[in-house]
Amino acid sequence: MSKIEDSGVDRISKLPDEIVCHILSFLPSNESTATCLLSSRWRFLWRMVPSLHFDCNTSETYDHVDNFLSLRATPIITRFHLNCKNPCFCIPYIQKWVSKAIHGKVEQLNMFLCETYHQGFMFIPTLFTCTTLVTLNLNFSDSVYLHVPPSVHLPSLKTLQLDSCLSLYDFKKFFYGSPSLELAHFKQSPRCGFLPELVLKIVRSPRGIIQLSHANEICAIVIECDDGYDFIRDYLEGDFEKYVKVKASIVVHDTNSKFKSKFRFKYVHEYVFVTLKRLRNVELLSFSDFSSWTKYADYDEEFTLDDLPIFQNLVKLQLDIKDYDSIYWTLPTRCPKLRAAARDNRSDVNKDMKISC
Amino acid sequence: MVITAKGKEILEIAEEPEYVMLAKVEDLKMDMLRIVEEEEIKKIRLKTSDEATFEVEPSILKEMKRVQSLINTEAIDTSVAIPLPNITSRNLSRIIDFCWEHQYNTENLEEFKGRFLKSLNHQELKELLLAANYLNIKTLFDFLCNSFTDLIQNESPEFIRDFFNILNDTNSVKSMHAPAFQGSIDDD
């Protein structure tokens, strides 16, 4: 177009239009549109950018968006990004934009809705059966409840991030409906009322390693498996018997400072006992307890050795326990097949503690 | 270091506990085993514009959609190197590096990406972008485009013109065609 550009020594300074458009697709739409001022070649380039990227906080924005949409020259929308601070204004438009994005073969959809909107939010159903979607990231404020239809089918979905008022039940629908999923991050916010806080992260690496981390206010559990057994389904369905060839790690947080009551202490460790019971078939276990038992020494009587399960298959155990009063020091005696045990040296008060091998 | 807490002596050891080290050695062994296993699979040779030949293993090759489709459609004799006239050896080694890290480095991929970017100037970045586009490597292409965006975001028109080497011929155009958003969307 420009003679000076073509005759320049720099032979690749002029990137092809498609590449420039792809670069611009990572910019907010208002910025990619502004590139029309750069030169005559760039004047209409923004109309071919395959993305919609809006950050809106005033009601005027929507007219501009409509204007923008009508001027675009390509139906393709690979990336759709919406960051809305005032969903009350936005909600009527979102359906239209999302449906445009689905028609435009959207691959990545990010949506952040904050502020309060006291109603259930429903996407157009085609979003949940979109075949092109690879990344879905929904981040809603606590008061926006997302309705998920009974069947979800997202065959290309690889990355899923849900940080919204969604129950585990709804997350399962997403998980079962997305066979190619490689990374899932699910956060259940405690402020939804009846739902406890929960962060679930699932990673399926192309090398066949599957990792699940489950964190709540009491403890963090990480389960890893590298022999191809996809245990996630069993986990979500509460079927823990098959967990043998997995590496499990449990970290009990120091909740004492947060919850000062003895009742709380009991509740926390009842939960840990249940978790240990669920993981009783594993071969490798790492266990850390950062709560202080000394403070609640009288609970020793309530938690007895017999409450701890027998770990039939456990061969390798790793312990990191802060308090020498903790009942979990007896874990090695519950593992008949134990071959290797190790302690983290950080809590070395228990140097004399005998570890059976 | 010996510190006293709650009247008890706690010995803090700065080094990693022994079992952690052992675990790392084990992991390393596993990784090496994997690499050995993969080496048995037949590698494919690629020839760059400056006549250098690279042996590339199939898992990396899978990322290069263009080469992969070449192999799939024409029954290519693997003993002959596939010519890549648009790619220099320097860029190909960078690309192979990136693809390798992207597949095998699960822990500090972000750190690697940062280092990778730092090692490139704007010109090299552009060359690599074109190479990634030519070979059709989606991960690298998206990563580079995103990096470009970071470079130009919130910059002045002059900077962007300079960056893309654009000649400003628009003084007359500016007023004729107003953009859809006239800067009315609030920037955070």
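Keep in mind it's a predicted model, so treat the numbers as computed, not measured.

Along its length, chain A carries eight helices and 15 strands. The buried share of chain A, taken over its 357 residues, is 33%. Excluding contacts between residues fewer than 6 apart, the proportion of contacts in chain A whose partners are at least 24 apart in sequence is 66%.

This part covers the overall build of chain B. Tallying secondary structure elements over chain B gives nine helices and five strands in all. In chain B, the succession of helices and strands from N to C terminus is β-β-α-β-β-α-α-β-α-α-α-α-α-α. Expressed as a percentage of the 188 residues in chain B, the buried residues total 21%. For chain B, the proportion of contacts with a sequence separation of at least 24, taken over those separated by at least 6, is 58%.

Let us now look at the pairing of strand E11 (residues 219-225) of chain A. All names here are of chain A. The alternating pattern of E11 places Cys 219, Ile 221, Ile 223 and Cys 225 on a buried face and Ala 220, Val 222 and Glu 224 on a face that is not buried. As paired strands, strand E10 (residues 210-215) and E11 are joined by six bridges and run antiparallel to one another. When the sheet's bridge partners are listed, Ser 213 is paired in E11 with Val 222. By the bridge criterion, six bridges tie E11 to strand E12 (residues 247-252) in an arrangement that is antiparallel. For Cys 219, the partnering residue across the bridge sits in E12 and is Val 252.

Residues and elements named next belong to chain B. Orientation of helix H4 (residues 89-104) relative to helix H6 (residues 122-135), taken along the N-to-C sense of each, is 70 degrees, at an axis distance of 10 Å. Taken together, H4 and H6 sit at an angle that is classed as roughly perpendicular. The element H4 and its partner H6 pack so that their crossing is right-handed. Contact residues: Asn 91, Arg 94 and Ile 95 in H4; Glu 127, Leu 128, Ala 131, Ala 132 and Leu 135 in H6.

The next subject is the environment of Trp 46 of chain A. Residue and element names in this part refer to chain A. As for its placement among the helices and strands, Trp 46 is situated in the loop between helix H3 (29-34) and strand E1 (51-56). It is 10.0 Å that separates the C-alpha atoms of Trp 46 and Phe 68, two residues lying 22 residues apart in sequence. Leaving out residues up to four positions away in the same chain, Trp 46 has contacts with Leu 24, Ser 32, Thr 33, Thr 35 and Cys 36.

A general trend in soluble globular proteins is that nonpolar side chains are found buried together. Ala 101 and Val 106 of chain A are the most contacted members of the largest nonpolar core, which has 67 residues in total. Of all the elements, helix H5 (residues 87-103) of chain A adds the most residues to this core, at five residues. Here Val 106 of chain A is in contact with Ile 77, Thr 78, Phe 80, Ala 101, Cys 130, Thr 132 and Leu 133 of chain A, once residues within four sequence places are set aside. Among the nonpolar cores identified, the runner-up in size contains 39 residues, and Leu 38 of chain A together with Cys 99, Leu 128 and Ile 137 of chain B belong to it.

Residues and elements named next belong to chain A. Mapped onto the secondary structure, Gly 208 falls in the loop between strand E9 (198-204) and E10. Once the C-alpha coordinates of Gly 208 and Asp 230 are considered, the two residues, 22 residues apart in sequence, prove to be 9.1 Å apart. Ignoring anything within four residues of it in the chain, the contact list for Gly 208 reads Asp 226 and Gly 228.

The next point concerns the sheet that holds strand E4 (residues 53-56) of chain B. Residue and element names in this part refer to chain B. Reading across from one edge, E4-E3-E5 is the order of the three strands in this open sheet, with mixed pairing throughout. The open sheet has two edge strands with one neighbour each: E4 and strand E5 (82-83). Bridge count for strand E3 (residues 44-47) against E5 is two bridges, and the pairing is parallel. Directly across from Leu 46, in E5, lies its bridge partner Ile 82.

Quick look at the pairing of strand E7 (residues 159-163) of chain A now. All names here are of chain A. Only one face of E7 is covered, namely the one carrying Leu 160 and Leu 162; the face carrying Thr 159, Gln 161 and Asp 163 has none of its residues buried. Judged from the five bridges that link them, strand E5 (residues 135-140) and E7 form a sheet pairing that is parallel. Directly across from Asn 139, in E7, lies its bridge partner Asp 163. Note that E7 and strand E8 (residues 183-188) share five bridges and pair parallel. Within the sheet, the bridge partner assigned to Leu 160 lies in E8 and is Ala 184.

Residues and elements named next belong to chain B. The phi dihedral of Asn 136 falls on the positive side, at around 60 degrees, and the residue is not glycine. Among the structural elements, Asn 136 can be located in the loop between H6 and helix H7 (138-152). Unlike most non-glycine residues, Asn 154 shows phi in positive territory, near 60 degrees. Inspection of the secondary structure assignment puts Asn 154 in the loop between H7 and helix H8 (157-164).

All names here are of chain B. Counting all residues, the mean pLDDT for chain B is 73, and 65% of those residues have values of 70 or more. For chain B, per-element mean pLDDT is lowest for strand E2 (residues 8-11), which scores 36, and highest for H7, which scores 91. pLDDT under 50 marks residues 1-22. Its contacts with residues more than four places away, or in other chains, come to 21 contacts.

In this section: the environment of Trp 293 of chain A. Residues and elements named next belong to chain A. Mapped onto the elements, Trp 293 comes out in the loop between strand E13 (284-289) and strand E14 (316-321). Sequence separation between Trp 293 and Met 111 is 182 residues, and the spatial gap between their C-alpha atoms is 44 Å. Residues within four places of Trp 293 in sequence aside, it is in contact with Asp 323, Asp 325 and Ser 326.

Predicted coordinates in areas of low pLDDT are best not read in detail. All names here are of chain A. With 82% of its residues at a pLDDT of 70 or more, chain A shows a mean pLDDT of 79. Mean pLDDT values over the elements of chain A span from 40, in helix H1 (residues 3-7), up to 91, in E7. This stretch, residues 1-12, has a pLDDT under 50; its non-local contacts, to residues over four places away or in other chains, come to 16 contacts. Confidence drops under pLDDT 50 across residues 347-357; counting only partners more than four residues distant or on other chains, this segment forms 23 contacts.

Residues and elements named next belong to chain B. Interhelical geometry of H6 versus H7 gives an angle of 145 degrees and a closest axis separation of 9 Å. Regarding H6 and H7, the two cross each other, and that crossing is left-handed. Residues Leu 125, Leu 128, Leu 129, Ala 132 and Asn 133 of H6 lie in contact with H7, whose contacting residues are Leu 140, Phe 141 and Leu 144.

Definitions and limits used
- Starting from 1, residues in each chain are numbered consecutively following that chain's sequence as written.
- By the order in which they are written, chains take letters starting at A while ligands take numbers starting at 1.
- For this predicted model, a pLDDT threshold of at least 70 governs which residues receive local features, and a threshold of 80 or more governs which side-chain atom pairs are given and counted, while totals over whole chains, interfaces and linings are taken from all residues.
- Helix and strand definitions here come from DSSP, where helices need a minimum of 4 consecutive H or I residues and strands a minimum of 2 consecutive E residues; each element is numbered from the N-terminal end.
- As a rule, residues whose C-beta atom has 12 or fewer other C-beta atoms within 10 Å are exposed, those with 20 or more are buried, and those in between are partly exposed; C-beta atoms are placed from the backbone.
- In this description, any two residues whose backbone-derived C-beta atoms lie within 7 Å of each other are considered to be in contact.
- Any two strands are treated as partners once DSSP identifies two or more bridges connecting them.
- Inter-axis angles, ranging from 0 to 180 degrees, are taken between N-to-C directions of lines fitted to C-alpha atoms, where helices are fitted over the stretch in contact.
- The labels follow the angle: roughly parallel below 35 degrees, roughly antiparallel above 145, roughly perpendicular from 65 to 115, and oblique for the rest.
- Crossings are sorted by hand: turned counterclockwise from the far helix by less than a right angle, the near helix makes the crossing left-handed, and turned clockwise it makes it right-handed.
- As used here, a nonpolar core is made of buried Ala, Val, Leu, Ile, Met, Phe, Trp, Tyr and Cys residues. They are joined through C-beta atoms within 7 Å.
- The predictor attaches a confidence to each residue, called pLDDT, with possible values from 0 through 100.

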